[in-house]
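What follows is the residue order along each chain.
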Amino acid sequence: MAASGRSVVIDIRTRRAGKERGPAIPDGPDPLLRRVYGEILRDERLDQDRTLDDVARAVGMSKQYLSEVERGRKEPSSEMLRSVCDALGLPIEHLLTRAVRRITASRRIATPGSAGTPRVQLLAA
């Protein structure tokens, strides 16, 4: 890592759970908001050990559509995001806050720490 001059981002909850999840931070432009929302929703669903089918039934959508939302391939309406958040017991403002943190982290990751050493950022998103 030090040779590349890139920062290291560690998600505290994932690290504590001993699991590696979430995307690799992409080079280039900010990730699409729908992709960030999808990743957060998937992480929350997996943290609760729930299936796509379980959450999709609670929301009233197909599991295929929910899967596409989680993968960032579909842009859900604000009503649909609210419904999925409600089914997961996730306040919508937490979804928004986590999205801001992830996007901010992806912007910071491109800036090396002092003297080319990686800068470690701890995220509780």
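This is a predicted model, so every value here is computed, not measured.

The rules behind each value
Residues numbered from 1 in each chain as written. Predicted model: local features only at pLDDT ≥ 70, side-chain atom pairs only at ≥ 80, totals over all residues. Heavy atoms only, no water. Helix = DSSP H or I, 4+ residues; strand = E, 2+ residues; numbered from the N terminus. Buried < 20%, exposed > 50% of the residue type's maximum accessible area, 1.4 Å probe, protein only. Contact = heavy atoms within 4.5 Å. Areas by Shrake-Rupley, 256 points an atom, 1.4 Å probe, with all protein chains shown as cover. Axes fitted to C-alpha atoms, helices over the stretch in contact; angles between N-to-C directions. Parallel < 35°, antiparallel > 145°, perpendicular 65-115°, else oblique. Left-handed = near helix turned anticlockwise from the far one by under 90°. Nonpolar A, V, L, I, M, F, W, Y, C, P; charged D, E, K, R; others polar. Core = buried A, V, L, I, M, F, W, Y, C linked by side-chain atoms within 4.5 Å.

### Observations regarding the overall build of the chain
Each helix and strand in the chain was counted, giving six helices and two strands. Listed by position from the N terminus, the elements making up the chain come as β-α-α-α-α-α-α-β. Within the chain, the proportion of its 125 residues that are buried is 37%. Restricting the contact set of the chain to residue pairs at least 6 apart, pairs at least 24 apart contribute 68%. Per element, the accessible surface of the chain, about 7500 Å² overall, is 51% carbon and sulfur.

### Some words on the packing of helix α2 (residues 33-47) against helix α5 (residues 78-88)
Relative orientation and spacing of two packed helices are given, respectively, by the angle between their axes and the distance between those axes. The geometry of α2 relative to α5 is characterised by a closest axis approach of 10 Å and an angle of 20 degrees between their N-to-C directions. On the basis of their axis angle, the class for α2 and α5 is roughly parallel. Relative to α5, α2 is oriented so that their crossing is left-handed. Touching Tyr37, Leu41, Glu44 and Arg45 of α2 are Leu81, Val84, Cys85 and Leu88, all from α5. Its residues assigned to classes, the contact of α2 with α5 shows six nonpolar, no polar and two charged.

### Side note on the nonpolar core
Counting residues in hydrophobic clusters, the biggest one holds 20 residues, and the most contacted among them are Leu41, Val55, Val84 and Leu95. Of all elements in the fold, only α2, α3 (52-59), α4 (63-70), α5 and α6 (92-108) reach the threshold of two or more residues within this core. No other element matches α5, which puts five residues into this core. Residues contacting Leu41, with those up to four places away along its chain left out, are Val69, Glu70, Leu81, Val84, Cys85, Leu88, Leu90 and Leu95.

### What to know about the environment of Val36
Within the secondary structure, Val36 is located in helix α2. For Val36 and Ile103, which are 67 residues apart along the polypeptide, the C-alpha to C-alpha distance reads 7.8 Å. Those residues in contact with Val36 that lie beyond four places of it in its chain are Pro31, Ala99, Arg102 and Ile103.

Taken by themselves, the reported measurements are silent on function.
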